[in-house]
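The residues making up each chain are set out below.
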Amino acid sequence: MTDASPETTQSPGKPETDDQSPASPPAPAHGAPEKATIDVRNVILILSGKGGVGKSTVAVNLAYALAARGKQTGLLDLDIHGPSIPKMLGLEEHQLQGDGEMLVPVRMTGTLQVISMAFLLKNKSDPVVWRGAIKMGVIRQFLSEVRWGSLDYLIVDLPPGTGDEALTIAQIAPNIRGAVIVTTPQDVATLDSTKAITFAEMLEMPVLGVIENMSGLSCPHCHGTIDLFGSGGGERIAQEHHVPFLGKIPLDIQMREAGDAGHPFIGKKQDSPTWRAIDEVMDRLMDSIEKR
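**Brief notes about the packing of helix α3 (residues 132-144) against helix α4 (residues 164-172)**
Packed helices, taken two at a time, are described by the angle between their axes plus the distance between the axes.
For step 1, the next point in the chain: Look at α3 against α4: their axes get within 10 Å of each other, and the N-to-C directions meet at 40°. Comparing their axes, α4 and α3 come out oblique. In this structure, the crossing between α3 and α4 has a hand that is right-handed. Contact residues: α3 offers G132, K135, M136, I139, R140 and L143, while α4 offers D164, E165, T168, I169 and I172.

Set out below in structure tokens:
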């Protein structure tokens, strides 16, 4: 691993002086970056245009669903500045260990392994104050210098937006099967989510589908649905961009409680509309992946 501590910063680079559009991914100075060394059949990126849409919840439940089906699965938390995956899996107290040559991921189950920046912090409240070049080096190390073994799937939970982390993993990870776009229904979220779709298209990365999360509040009292954030925004942008719509997941108190308690919601079968919705979304997503 890098010797730089989370507090290390790097001098800003020179401003762009060429004619390249600021919306386009920068071209590498000497061709495409070298792919990282990792034995994985399918890499799936979980993207969103903005924060707070439940992207990490989707990543955790997808990884858990794949692992529960016997797939050797890795979950890579690349939200370097705000890692939440360990909390959602009940792994907060774990630290990454090495075997003398490589880092060893934290094992959640016999088929699910996890890597997160949170495992390297001395204190949960420590901020990671890094600029782009350091983050890019750590992302490569999280792929090539971790003893993942042979994986069927690597699920990558990315921070909001289309910055360093998303671009780096898209360029250096092998066998990327596509991206999953997570949004909430309201216009302010779908506007940003379309940028994530366009980002994937610019990089010629398939979009496996759009998930509309927090699509109505499942009331624990009347068992009705309240459209807090509207409805249908995710389905609309999927149609506009001609990509699959994977389904709607309601906002549910039990799901929030499961995440806070460190237990993936999909891991315990329940007779509830939210559990059925998540199960159906994950089945459609896995079908979409397998078809690729």
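**Notes on the pattern of salt bridges**
For step 1, the next point in the chain: Applying the stated criterion across every chain yields a total of 15 salt bridges.
For step 2, the next point in the chain: In this structure, K135 engages E165 in a salt bridge whose closest nitrogen and oxygen atoms are separated by 3.1 Å. Note that K135 is positioned in helix α3 and E165 in helix α4, a separation of 30 residues in sequence. Across the pair, exposure class does not vary: K135 and E165 are buried alike.
For step 3, the next point in the chain: Connected through salt bridges with shared partners, the residues K87, E92, E93 and K124 form a single ionic network.

**Thoughts on unusual backbone geometry**
For step 1, the next point in the chain: Despite not being glycine, N175 shows a phi value in the positive range, around 55°.
For step 2, the next point in the chain: Among the structural elements, N175 can be located in the loop between α4 and β8 (176-183).
For step 3, the next point in the chain: Phi is positive for M214, which is not a glycine, with a value near 55°.
For step 4, the next point in the chain: Here M214 lies in strand β9 (residues 207-218).
For step 5, the next point in the chain: Of the residues examined, M214 reaches a relative accessible area of 17% and is grouped as buried.

**Observations regarding the environment of I181**
For step 1, the next point in the chain: When you line up the elements, I181 lands in strand β8.
For step 2, the next point in the chain: Residue classification places I181 among the buried residues on the basis of a relative accessible area of 0%.
For step 3, the next point in the chain: As a C-alpha pair, I181 and L246 span 65 residues in sequence and 9.7 Å in three-dimensional space.
For step 4, the next point in the chain: The residues touching I181, leaving out its near neighbours within four places in the chain, are L47, S193, A196, I197, V207, G209, V210 and I211.

Rules of the game
- Residues numbered from 1 in each chain as written.
- Predicted model: local features only at pLDDT ≥ 70, side-chain atom pairs only at ≥ 80, totals over all residues.
- Heavy atoms only, no water.
- Axes fitted to C-alpha atoms, helices over the stretch in contact; angles between N-to-C directions.
- Helix = DSSP H or I, 4+ residues; strand = E, 2+ residues; numbered from the N terminus.
- Parallel < 35°, antiparallel > 145°, perpendicular 65-115°, else oblique.
- Left-handed = near helix turned anticlockwise from the far one by under 90°.
- Contact = heavy atoms within 4.5 Å.
- Salt bridge = Lys/Arg side-chain N within 4 Å of Asp/Glu carboxyl O.
- Buried < 20%, exposed > 50% of the residue type's maximum accessible area, 1.4 Å probe, protein only.

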